[in-house]
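# Commentary on secondary and tertiary structure
These are the residues of each chain, in order.
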Amino acid sequence: TGTLSKIQTRLAGGEAAEAFARDLLAGLSSTPRSISPKYFYDAPGSLLFDRICELPEYYPTRVELGLLSGHAREIARQVGPRAEIVEFGAGSLRKVRLLLDAMDRPVRYLPIDISGEHLGAAAQVLRRDYPGLHVQPLVADYTRHMLLPALGEDAGQRVGFFPGSTIGNFTPAEALHFLQMAAQVLRGGALLLGADLVKDPAVLHAAYNDTQGVTAAFNLNLLVRANRELGCNFDLAQFAHSAFYNAPLQRIEMHLVSRRRQQVRVCGRCFEFAEGETLHTENSYKFTLDGLQALARQAGFTPGPAWTDPQKLFSLHWLNA
Ligand code: AVI
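This section reports on the structure supplied with the text. (Residues numbered from 1 in each chain as written. Predicted model: local features only at pLDDT ≥ 70, side-chain atom pairs only at ≥ 80, totals over all residues. Heavy atoms only, no water.)

Along strand β10 (residues 262-266), the buried face is formed by Gln262, Val264 and Val266; none of Gln263 and Arg265, which line the opposite face, is buried. Taken together, the five bridges between β10 and strand β11 (residues 269-273) define a ladder with antiparallel strand orientation. Opposite glutamine 262, over in β11, you have phenylalanine 273 as the bridge partner. The antiparallel pairing of β10 with β11 creates a hairpin that spans two residues between the two strands, and cysteine 267 there sits at a positive phi of about 50°. (Buried < 20%, exposed > 50% of the residue type's maximum accessible area, 1.4 Å probe, protein only. Helix = DSSP H or I, 4+ residues; strand = E, 2+ residues; numbered from the N terminus. Pairing = 2+ DSSP bridges.)

What follows is the structure, encoded as structure tokens:
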């Protein structure tokens with residue numbers, strides 16, 4: 001690892017690149033090969049994800065925004081006056097704005113994100129637009145245990161916000177662990193959670209195989225990033241995007257498929273791919289309303305109302321902590 005860490009530091013600098021190198025080497029050495037989807041989100045990957053959210057086939061963002069605005073009053077009633085919002089991940093400002101706009105005198109907004117840069121920019125904009133709101137970003141990995149500042153004396157309840165069905169990108173064990181931790185830090189308050197629903201596989205398939213190829217570019221960007229940050233030599237023309245619904249496991253799987261037998265150099269090591277062999281890059285679990293509520297109960301929440309669209313594409317859950 002001595003040589004490895006020197007290579008990493010020279011190529012990209014910092015702990016982040018080292019973690020990427022370590023996880024990619026481990027993922028390529030395991031059978032079947034896999035890597036965490038968290039590595040999709042470098043700056044170009046985040047821009048590609050923003051484009052995915054605008055695609056006609058990718059319904060989750062649109063439907064969730066519709067639920068947030070269509071049920072704003074009921075949600076605000078659950079939230080109550082002078083509440084504080086803790087957002088796990090500095091996500092889309094559009095979503096938290098819908099929430100803040102509906103709320104009765106929100107006192108504080110605590111976005112938690114691993115990327116300080118992303119957080120700083122989001123905080124600036126919100127401070128400008130909500131002068132009475134105390135915006136206090138926290139740079140932290142929200143999948144680990146975290147310490148939150150005490151709730152203000154004059155504050156209402158503390159409400160967690162985790163939209164977008166990001167929970168679906170965790171393994172079932174990680175999802176349970178995250179919810180347990182959230183229930184702990186939100187005790188006495190609640191969590192507003194977005195979860196994508198089990199549905200017609202054709203609708204799911206289209207959402208992850210868009211005709212413009214943006215999802216394919218998002219998936220392949222992982223290799224672009226590995227080439228740039230770690231000096232790998234993945235030949236982009238020799239890997240194909242693959243996304244399909246695994247019905248028994250209720251998840252979309254994304255893979256990068258080797259178009260032929262080939263060798264790739266990764267951090268000084270050589271890996272051979274057989275034709276058709278894949279690197280599994282993401283799972284996106286889909287939930288039933290009952291399944292999600294059972295998971296929430298297991299984690300220590302008491303489910304309140306759940307909101308869905310008429311086509312039952314997406315769901316928003318109020319979970320009392
Ligand atoms: C961020 N996450 C909820 C997205 C999803 O649908 O699982 C990521 C994504 N992957 C491909 N398209 C979108």
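Below, the discussion takes up the layout of surface pockets. Taken as a whole, the second largest pocket encloses approximately 170 Å³ of empty space. Looking at the lining of the second largest pocket, the elements that each hand over two or more residues are α8 (172-185) and α11 (289-298). Of the residues assigned to the lining of the second largest pocket, the class counts are six nonpolar, four polar and one charged. (1 Å grid on protein atoms, 1.4 Å probe; cavity = no way out; pocket = protein on both sides within 12 Å on 5 of 7 lines; lining within 4 Å. Points joined across faces, edges and corners; volume = space filled by probe spheres on them. Nonpolar A, V, L, I, M, F, W, Y, C, P; charged D, E, K, R; others polar.)

With respect to the helices and strands, the residue alanine 83 is situated in the loop between α5 (72-79) and β2 (84-88). Separated by 23 residues in the primary sequence, alanine 83 and proline 106 place their C-alpha atoms 5.1 Å from one another. Filtering out sequence-adjacent residues up to four positions away, alanine 83 remains in contact with Met103, Arg105, Pro106, Val107, Arg108, Gly156 and Gln157. (Contact = heavy atoms within 4.5 Å.)

A word on α5. For α5, the complete set of buried residues consists of Ala72, Ile75, Ala76 and Val79. Along α5, the residues classed as buried sweep out an arc of 100° about the axis, all on the same side. Facing away from the buried surface of α5 by more than 90 degrees, the exposed residues are Arg73 and Arg77. Trailing α5 by a residue or two, glycine 80 shows a phi angle of about 80°, which is positive. (Arc of directions from axis to C-beta.)

Another aspect to go through is the pairing of strand β13 (residues 302-308). Regular strands have side chains that alternate between both faces of the sheet. As paired elements, β13 and strand β14 (residues 314-320) share five bridges and run antiparallel to each other. Across the sheet, the residue bridging to threonine 308 is serine 315, located in β14. Counting the residues in the hairpin turn of β13 and β14 gives five residues, including lysine 312, whose phi is positive at 55°.

Following both chains from N to C, one finds helix α3 (residues 43-54) and helix α10 (residues 214-230) inclined at 175°, their axes separated by 9 Å at the closest point. Judged by the inter-axis angle, α3 sits roughly antiparallel to α10. Contact with α3, carried on its side by Pro44, Gly45, Leu48, Phe49, Arg51 and Ile52, involves Val214, Thr215, Ala217, Phe218, Asn221 and Arg228 of α10 and no other residues of that element. The residue makeup of the contact of α3 with α10, split by class, is seven nonpolar, three polar and two charged. (Axes fitted to C-alpha atoms, helices over the stretch in contact; angles between N-to-C directions. Parallel < 35°, antiparallel > 145°, perpendicular 65-115°, else oblique.)

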